[in-house]
Amino acid sequence: MAISIENVQLLDCDVEEPNASLLLHPKIISEELVYTMIPDLNTELCDHCGKCSNFCHYNAIFVTREKVLIFPQLCHGCGGCILVCPKGVLREGRHKIGKIYRGDRDGLEIVYGELEVSEAMATPLIRQVKRLIDRGKSVILDAPPGTSCPVIETVKGSDFCVLVTEPTPFGLHDLKIIVQVLEDMSIPFGVVVNRAGLGDRKVYDYCKEKGISILLEIPYERRIAELYSEGIPFSLEMTEYKEKFQELFDYVKELAGK
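Residues numbered from 1 in each chain as written. Predicted model: local features only at pLDDT ≥ 70, side-chain atom pairs only at ≥ 80, totals over all residues. Heavy atoms only, no water.

Asker: How would you summarise the sheet that holds strand S8 (residues 161-165) if you had to cite specific residues and measurements?
Answerer: Spatially, the three strands line up as an open sheet ordered S8-S9-S10, and their pairing is parallel. Only two strands of the sheet have a single partner each, and these edge strands are S8 and strand S10 (214-219). For this sheet the average axis-to-axis angle between neighbouring strands, irrespective of direction, equals 20°. Pairing analysis gives four bridges linking strand S9 (residues 189-196) to S10, with the strands arranged parallel. By the bridge assignment for S10, valine 192 is matched with leucine 216. (Pairing = 2+ DSSP bridges. Helix = DSSP H or I, 4+ residues; strand = E, 2+ residues; numbered from the N terminus. Axes fitted to C-alpha atoms, helices over the stretch in contact; angles between N-to-C directions.)

What follows is the structure, encoded as structure tokens:
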């Protein structure tokens, strides 16, 4: 059963390299700067006691007899250093970490974050992107690749995860790791095999052994790569895949109990 696109929201949580907008070309409706809290020091009143530095487990503050260095990229914004400062010379400051864009493409709401260059932590921005989830819609979150903290932050609270892999040793290696992660998080999942026909059958054997559903196969075809390189979703040109993706969507909703 086809779903109205107005009832779907897409969040691109790959804030280090968002690309959903490159394929869907939304009309941008709003932009929002995102900040995290960092300590702001009054250098004239600081006596360099070092209690703030000793408290910080992330080494975001370095204190010498002559100078205090604050590293915004390492700060997790907990505010503990402000609380332990005996002279009260630390206060809350702001550090820009990125920007959130909200857009529309033919009724489809698209939200994505863009991390500032040189920022080390993506998770604070991902949390702000997820803050805009519309609970009244079917929400699709595009997660970054791998199994690091940004992936965990993205999938946390999801009803179902679609794992995209490829039939190669590299694909199988990463698949095994994310399967273990999702099992530990008690999030149901299934697999889409991209570039099917490449490599070997080990991904399929692993999924069969673990009882993991293979939801869809996308073939290893030059035409798909060409369309992607031009910023065109291949289902717009290879129209037989529109029905396949609709079936995938309906099946995932069924598995997720929605």
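Asker: Give me the pattern of salt bridges: which residues, what numbers.
Answerer: Applying the stated criterion across every chain, the model contains 13 salt bridges. Aspartate 40 is paired through a salt bridge with arginine 91; the nearest N and O atoms lie 3.0 Å apart. Here the residue aspartate 40 occupies a position in strand S2 (residues 27-41), and arginine 91 occupies one in strand S5 (residues 90-105), the gap between them amounting to 51 residues. For arginine 91, a relative accessible area of 57% corresponds to the exposed category. (Salt bridge = Lys/Arg side-chain N within 4 Å of Asp/Glu carboxyl O. Buried < 20%, exposed > 50% of the residue type's maximum accessible area, 1.4 Å probe, protein only.)

Asker: I'd like a rundown of the state of the cysteines, residues and numbers included.
Answerer: The tally for this structure, following the rule as stated, stands at zero disulfides. The cysteine cysteine 56 is free of any disulfide, with cysteine 75 supplying the nearest cysteine sulfur at 6.6 Å. Just so you know, cysteine 75 is unpaired, no disulfide at all, and the nearest cysteine sulfur is the one on cysteine 81, 6.3 Å from it. (Disulfide = S-S within 2.5 Å.)

Asker: Got a sec to walk through the sheet that holds strand S6 (residues 108-115)? Specific residues and values, please.
Answerer: Strand order across the open sheet formed by five strands is S2-S5-S6-S1-S7, with mixed pairing between neighbours. Only two strands of the sheet have a single neighbouring strand rather than two, namely S2 and strand S7 (138-142). Between one strand and the next, the sheet's axes are offset by a mean angle of 20°, whatever the strand orientation. Where strand S1 (residues 8-12) and S6 come together, four bridges link them in parallel fashion. Bridge pairing links leucine 10 to isoleucine 110 in S6. Strands in contact with helix H4 (residues 123-130) are S1, S2, S5, S6 and S7; relative to S5, the strand with the most contacts, it is inclined by about 50°. (Contact = heavy atoms within 4.5 Å.)

Asker: Break down the packing of helix H6 (residues 169-185) against helix H7 (residues 202-210) for me, citing the residues and quoting the values.
Answerer: When two helices pack together, their arrangement is given by the angle between the helix axes and the distance between those axes. Running from N to C, H6 and H7 cross one another at 25°; their axes reach a closest spacing of 10 Å. Taken together, H6 and H7 sit at an angle that is classed as roughly parallel. Where H6 crosses over H7, the handedness of that crossing is right-handed. For the pair H6 and H7, contact is made by Leu172, Leu175, Lys176, Val179 and Glu183 and by Lys202, Val203, Tyr206, Cys207 and Lys210, respectively. By residue class, the composition of the contact of H6 with H7 is six nonpolar, no polar and four charged. (Parallel < 35°, antiparallel > 145°, perpendicular 65-115°, else oblique. Left-handed = near helix turned anticlockwise from the far one by under 90°. Nonpolar A, V, L, I, M, F, W, Y, C, P; charged D, E, K, R; others polar.)

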